[in-house]
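As a plain string of letters, each chain reads:
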There are 2 protein chains.
Amino acid sequence: MSRIALDGMGGDRAPGEIVAGAALAVRNGLDVVLVGDKARLDPLIEDSGVSIPVVHAESTIDMHEDPAQAIRSKRDSSIAVAARLVAEGEAQGLVSAGSTGAVLAAAAFIIGRLPGVARPAIGSVYPTGQIVLDSGANLECRPEHLVQFAAMGAALARVYMGLESPRVGLLNIGEEVGKGRELEKQAYAVLEDSPLNFIGNVEGRDLGRDTVDVVVTDGFTGNVLLKGAEGTASMLMQMMRSLLAERPELGDATAAIAPAFEELQRRIDPETYGGAHLVGTGGVVVVAHGSSSRTAIANALRMAAEGGDHGLIDAVTFGIEALA
Amino acid sequence: MSRIALDGMGGDRAPGEIVAGAALAVRNGLDVVLVGDKARLDPLIEDSGVSIPVVHAESTIDMHEDPAQAIRSKRDSSIAVAARLVAEGEAQGLVSAGSTGAVLAAAAFIIGRLPGVARPAIGSVYPTGQIVLDSGANLECRPEHLVQFAAMGAALARVYMGLESPRVGLLNIGEEVGKGRELEKQAYAVLEDSPLNFIGNVEGRDLGRDTVDVVVTDGFTGNVLLKGAEGTASMLMQMMRSLLAERPELGDATAAIAPAFEELQRRIDPETYGGAHLVGTGGVVVVAHGSSSRTAIANALRMAAEGGDHGLIDAVTFGIEALA
């Protein structure tokens, strides 16, 4: 079973919720090692009532530090130490709710890229199970980067969604061939000739539709797309609540449907489907939300363990090799 | 009162729904002139029971033609003739549900840009009243283009939302200064020193929140953001319907809340808030959805008339001048 190194000090609610999340995961049978300030982590682990190994890390990286510089200078930071466990084979995966930039830097400098990978990318999972990548690691991309994202996203979809031949779409402003920026036009031509199940251009509105499994784009656009979806979902839930609250005569009906409403909320809650995958490095890396609760941390740990157990690294390596 | 030239032949449901939309608008007191094949339009107008003037146009531009070339070669197309009415002052505004590219080309070549405007942009209105621009006219932009979009978007928000000092935000992947691509970094610096009420970077999730009135970005990102929001909204409504349908014991409650649900659907329906504005040209130009129904056309006509009556062109001109 894969062992996952968990950054105990990263995230807005660290270390309390992080340790609590680790405890949940360990109770569910996962193999977790906590990395961070032993003096702070030990009492929390003690309180949790489960036994979790700790690897001490002297310092932490703050959200406001320059990530690349911090990873280079703070070799004893919790995220650097956790990444080193993966690099040295002591752990198969890494989970952190700390600075995304620091996780990216640790993955690049300490764990290292897989052979042939030009740019590791963040693959985020949408509530429908669709994978969007890159969703924030690479703001400016060249066509060959998008092509690699496609291969890595297909690997994620195979491992996590169990899809044999995931449908890969290129995010664009229209479905017709020839649409988009120079970036999309060139990437399209290469994807068309690739071994991937490339279905052509897809649009923002394909998010949420059963038309595509892997949505490929640059990290700026992917980030905006996913956060826009999040904003729209919140707005809609809020509007629905207001519309019902304005109709006191519907009090009984509103109360009756509340559980269905809560189930909807749960399904679209990023905490439910955990963090995002950084793919293209030599270990399974899951980037959890900064505000992660114990549930989110436990889900991120489960994702990382699944990636390790089901051969994500081999799948990505194979996908990149097949492009050549 | 502003007279609006309506492309009678543009759109998936032309000319039937277009004429029906014109009839609705005329009944509501608007001044509309239909442009297109008189032999086809006249009987439809006759059937509608209201009197609507027609300017004949011999040809139409197909969705699959190259827009710029079609506008130059088909001077007698409905969209070109409608644009000429605006250019010659016979009408103050133009509405078309035809090819967006053809509308852009007609606006650029026939109506012409306002002085100082480098690139006209499409400003789309989100259900909250927030304006996103550019949402598809300019896929690759320079910082100075984004700055002009900001000024034009603020003008739209003043005229349509009645806001005195609209909050202008730069779409980015984080709120902190220094985030984003070279494009955002440079545009940020100029916006900060502009006379606009620039509130800094905003994220995709600010769509739907009362944090910003005008969201500025390039046309590729804006298009993806808005279509992603559309997809997410559809998915959520669909999920809610399924969750309720799976619980037959909630039949009565579901029936009771149906009107609130329909009201929600109506509020987020693009047909309700009409089309998108092409700003930066010498006339009010509203681009309606290709699938526009009569209601959508009537709403787009109302938007165009409001823009004409409330001085949109002067507001945009003033906004661009104030940047210099």
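Values in this document were obtained by computation on a predicted structure and should not be read as measured data.

A. Seen up close, the packing of helix α9 (residues 251-268) of chain A against helix α8 (residues 219-245) of chain B. Packing of α9(A) against α8(B) leaves a shortest axis separation of 10 Å and a crossing angle of 140°. Taken as axis vectors, α9(A) and α8(B) run oblique relative to one another. Here the hand of the crossing between α9(A) and α8(B) comes out right-handed. Every residue of α8(B) that contacts α9(A) at A:Ile257, A:Ala260, A:Glu263, A:Leu264, A:Arg267 and A:Ile268 is listed here: B:Leu236, B:Met239, B:Met240, B:Leu243 and B:Leu244. In terms of residue class, the contact of α9(A) with α8(B) is made up of nine nonpolar, no polar and two charged.

B. Local environment of the pairing of strand β1 (residues 3-7) of chain B. Residue and element names in this part refer to chain B. Within β1, four of the five residues are buried, leaving the element largely enclosed by the surrounding structure. Judged from the five bridges that link them, β1 and strand β2 (residues 31-36) form a sheet pairing that is parallel. Among the inter-strand pairings, Ala5 is bridged to a residue of β2, identified as Val33. Between the parallel elements β1 and β2, the chain passes through helix α1 (residues 16-27) in a crossover that is right-handed. Bridge count for β1 against strand β4 (residues 93-96) is three bridges, and the pairing is parallel. Across the sheet, Ile4 pairs through a bridge with Gly93, a residue of β4.

C. Highlighting the domain arrangement of chain A. Residue and element names in this part refer to chain A. Considered domain by domain, chain A is made up of domain 1 (1-117 + 280-310) and domain 2 (118-272). For domain 1 versus domain 2, the distance between C-alpha centres works out to 26 Å. At the junction of the two partners, domain 1 supplies 17 residues and domain 2 supplies 14 residues. Here the side of domain 1 that touches domain 2 takes five residues from helix α10 (residues 294-309), the largest share from any one element. Residue composition of the side of domain 1 that touches domain 2, grouped by class: six nonpolar, nine polar and two charged.

D. Up close: the pairing of strand β2 (residues 31-36) of chain A. Residue and element names in this part refer to chain A. Bridging between β2 and strand β3 (residues 54-56) involves three bridges; their strand directions are parallel. Considered in β3, the bridge of Leu34 is made with Val54. With respect to chirality, the unit in which β2 leads through helix α2 (residues 38-48) into the neighbouring parallel β3 is right-handed.

Reading the values: the criteria
Numbering of residues begins from 1 in every chain and follows the order in which that chain's sequence is written. Going through the entries in the order they are written, you letter the chains from A and number the ligands from 1. In keeping with the predicted nature of the model, local features appear solely for residues at pLDDT of at least 70, side-chain atom pairs appear and are counted solely at 80 or more, and the whole-chain, interface and lining totals rest on all residues. Axis definition: a line fit to C-alpha positions, over the contact stretch in the case of helices; interaxial angles, taken between N-to-C directions, run 0 to 180 degrees. Each helix corresponds to a stretch of at least 4 residues labelled H or I by DSSP, and each strand to a stretch of at least 2 residues labelled E; elements are numbered beginning at the N terminus. Our angle categories are set so that under 35 degrees counts as roughly parallel, over 145 as roughly antiparallel, 65 to 115 as roughly perpendicular, and the remainder as oblique. Left-handed describes a crossing in which the near helix is turned anticlockwise from the far one by less than a right angle; the clockwise case is right-handed. Contacts are defined on C-beta atoms placed from the backbone: any two residues whose C-beta positions lie within 7 Å are in contact. The nonpolar class holds Ala, Val, Leu, Ile, Met, Phe, Trp, Tyr, Cys and Pro. Asp, Glu, Lys and Arg form the charged class, and all remaining residues, Gly among them, are polar. Between the buried cut of 20 or more and the exposed cut of 12 or fewer other C-beta atoms within 10 Å of a residue's own C-beta lies the partly exposed class, and all C-beta atoms are placed from the backbone. Only strands that DSSP links by at least two bridges are regarded as paired with each other. When the strands point away from the viewer and the connection leading from the first strand across the helix to the second strand turns clockwise, the crossover is called right-handed. All the domain ranges listed were derived from an automatic or database domain assignment.

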